[in-house]
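Read off the chains here:
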Amino acid sequence: MQGSSKIIEQQPEKRTTAMKIDGVEVRLIRLPLIEPFETSFGKIDSRLIFLVCLEAEGLRGWGEVVAEEEPLYSYETVNTALHVIRDFLGPALLTEPIHGIDDLVKRLSPFRGHNMAKAGLELAYMDLLAQASEQSLSALIGGELKRVAVGVSLGIQPTISRLLERVEKYLRLGYQRIKLKIKPGWDLDVVDEVRRKYPHILLSVDANAAYTFSDADHLKMLDDFNLLMIEQPLQYDDLMDHARLQEMMKTSLCLDESIVNLRQARMALELDSCRIINIKVGRIGGYSEMLGIHDLCVARNVPVWCGGMLESGIGRAHNIAIASLKGFSLPGDISASSRYFERDVISPEVTVDPDGTVAVPDRVGLGFDIDVDFIKHMTETHVYIS
Ligand code: OSB
Ligand code: MG
C-alpha cells in the first residue's frame, strides 16, 4: 500500500535486537516564549519543557513530554507525567532488555492513559533505535520526504491590527498556511478581516474546544471564508456532535484533542466526525500509534498533518521526522526555533526556508546536536531513575 509505513527492522549484524536501558533521566527546563501565546485556554509566556533521556549501550536517546503545566488542553500536566514516569513507566522499562518498539509499547500498555508521558519515553527510545541502527529517525520510520511543508499557529492577539501584522510577518517568512486561534468573541470578524486582506492564502482556525453544538449556527457562518479546516470546534471527547456539525458544514472539520489513539481515530472516521486529522505524537502516546493512525488515514484518503505543542527543538526534531511520512499532506505546525524561543536546546536550530519548508535531517538519530550544557544550566528539576 502506498504511503504505508513501518519501523524498519534493525540490521541484525549492527546490534542485537534487545537493548538494556540503564537509566531514565528527566530534566525540566523553563524556556521563555519570544511572545505570549494565547488560546481559548488562556495566555502563557513561558514553557516548562519536559525532556527525557534514555541511556542504553553507551547511547543517549532524547524525547520530550509535551504536557503543559495546567490540565487544560489535556488532563495530563508536567507533574502528572513526572509522577507516572518516575513511579510506573520508567521502572517498567528498566526490568528487562527491550526487544523493539512493540515490546516497549507492551510494557507501557497496562498503565491506562497518560499518553504524553508514554510518548516522551517512546520518542527517546526511537532516537536510541535510530542511533543503534545508524540511520536517521525519518529513515527508521520509512519517511520519504526530504523537506516538509510548514505553517504557523497564531495566538489570539490584543487587537485585529496586531493579528494582521503577525499574519503579514509569517507570510513574508514563507509559511505556507496560517492558523488562527479562535474563541467566542474572537472569531467571525477576525477571520473576515484576515480573509479580506489575503483572499488566496491557506487559512485555518483552531478553537481548542471552545464551542458546543448549541453554537452550530454561528460556526456555520465560517463556511463563508473558504477555510482549509476548522480544528477542534467542540468538546474534546464529543465525536457525536462533531459528526452532526460536520454534516451541516461545507468546511472540513479537523480533530486534534479528540483523537487520543487509533481506536478514536477509527471511530471518528466511521462517524464522519471530521475529514482531516491533526497528529501529535505526544497526544496519542508515541510513534507506534502515530504510524497506525497515519496508515489508517492514508488508506481512507483522509489528509493528516503534524500538530505542535510549542515543543523545544527535541520534540520538534521528532515532529520533523514524523512529518516526512508521505501521508502528511498538509503543512504542519512546525515553526522555526526563533518563532518560539530566544535560544533552543538543539543546534543547528530549526529554520524555515523562504519556500515554507523545513529540511528533514539525514544524519543519524534526531539529526541535531543536543546542547546539553544549556539544558543543564536551565534545569529546574532533575530526576534520574535506574
Ligand atoms: O491546539 O494545536 C493546538 C499549542 C499548544 C497546545 C495546543 C495547540 C498548540 C498550537 C501551537 O497550536 C502549535 C505549535 O507548536 O506551533
Ligand atoms: Mg489544535
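Refer to the structure presented above.
Attention in this report is confined to the structure presented alongside it. As the structure is a computational prediction, the values presented were derived from the model and not from experiment.

It is worth spelling out the site of ligand 1 at this point. Lining the immediate surroundings of ligand 1 are 16 residues, of which Ser153, Asn208, Lys280, Leu310 and Tyr340 lie closest. Contact between ligand 1 and Lys179: an oxygen atom at 3.1 Å from a side-chain N or O atom of the residue. Within the backbone of Met309, a nitrogen or oxygen atom sits 3.3 Å from an oxygen atom of ligand 1. For ligand 1, whose unbound accessible area comes to 390 Å², protein coverage reaches 99%. Of the residues assigned to the shell around ligand 1, the class counts are five nonpolar, three polar and eight charged.

We now examine the sheet that holds strand β3 (residues 59–65). One open sheet accounts for four strands, arranged β3-β2-β1-β15; its pairing is antiparallel. Unpaired on one side and paired on the other, β3 and β15 (379–385) mark the two borders of the sheet. Between one strand and the next, the sheet's axes are offset by a mean angle of 25°, whatever the strand orientation. The pairing of strand β1 (residues 21–39) with β15 spans six bridges and is classified as antiparallel. Bridged to Glu25 within β15 is Tyr384.

Before going further, it helps to spend a moment on the sheet that holds strand β7 (residues 202–206). Ordered in space as β5-β6-β7-β8-β9-β10-β11, the seven strands form an open sheet in which the pairing is parallel. Taken across any chain shown, the strands that pair with only one partner, and hence form the sheet edges, are β5 (152–154) and β11 (304–306). Adjacent strand axes in the sheet meet at a mean angle of 30°, parallel and antiparallel pairs treated alike. Sheet analysis places strand β10 (residues 276–279) next to β11, joined by three bridges and oriented parallel. Bridge pairing in β11 links Ile279 to Cys306. Those strands touched by helix α6 (residues 188–197) are β6 (177–181) and β7, and its axis lies near 170° from that of β7.

Our focus in this paragraph is the nonpolar core. Of all hydrophobic cores here, the largest spans 130 residues; its most connected members are Phe50, Ile85, Leu222, Ile277, Tyr287 and Met290. Among the elements that line this core, the one with the most residues is helix α3 (residues 115–132), at eleven residues. Leaving out residues up to four positions away in the same chain, Ile85 has contacts with Val24, Val26, Phe50, Val65, Gly90, Pro91, Ala117, Leu121 and Ile385. In terms of nonpolar packing, the next biggest core, distinct from the first, is built from five residues, Met229, Cys254, Trp305 and Leu330 among them.

For the magnesium ion (ligand 2), the full set of protein donor atoms is Asp206 (OD), Glu231 (OE) and Asp256 (OD), at a range of 2.1 to 2.3 Å. Written as a sequence motif, the donor arrangement for the magnesium ion (ligand 2) is D-x24-E-x24-D. In this pair, Asp206 sits in strand β7 while Glu231 sits in strand β8 (residues 229–231), placing the two residues 25 residues apart along the sequence. The pair Asp206 / Glu231 is uniform in exposure class, with both members buried.

Conventions and cut-offs
- Residues numbered from 1 in each chain as written.
- Chains lettered and ligands numbered in written order.
- Predicted model: local features only at pLDDT ≥ 70, side-chain atom pairs only at ≥ 80, totals over all residues.
- Heavy atoms only, no water.
- Near = heavy atom within 4 Å.
- Polar contact = N/O pair within 3.5 Å; in protein donor to acceptor, adjacent residues only side chain to side chain.
- Areas by Shrake-Rupley, 256 points an atom, 1.4 Å probe, with all protein chains shown as cover.
- Nonpolar A, V, L, I, M, F, W, Y, C, P; charged D, E, K, R; others polar.
- Pairing = 2+ DSSP bridges.
- Helix = DSSP H or I, 4+ residues; strand = E, 2+ residues; numbered from the N terminus.
- Axes fitted to C-alpha atoms, helices over the stretch in contact; angles between N-to-C directions.
- Contact = heavy atoms within 4.5 Å.
- Core = buried A, V, L, I, M, F, W, Y, C linked by side-chain atoms within 4.5 Å.
- Buried < 20%, exposed > 50% of the residue type's maximum accessible area, 1.4 Å probe, protein only.
- Donors = N, O, S within 2.8 Å, 3.2 Å for Na, K, Ca; no water.

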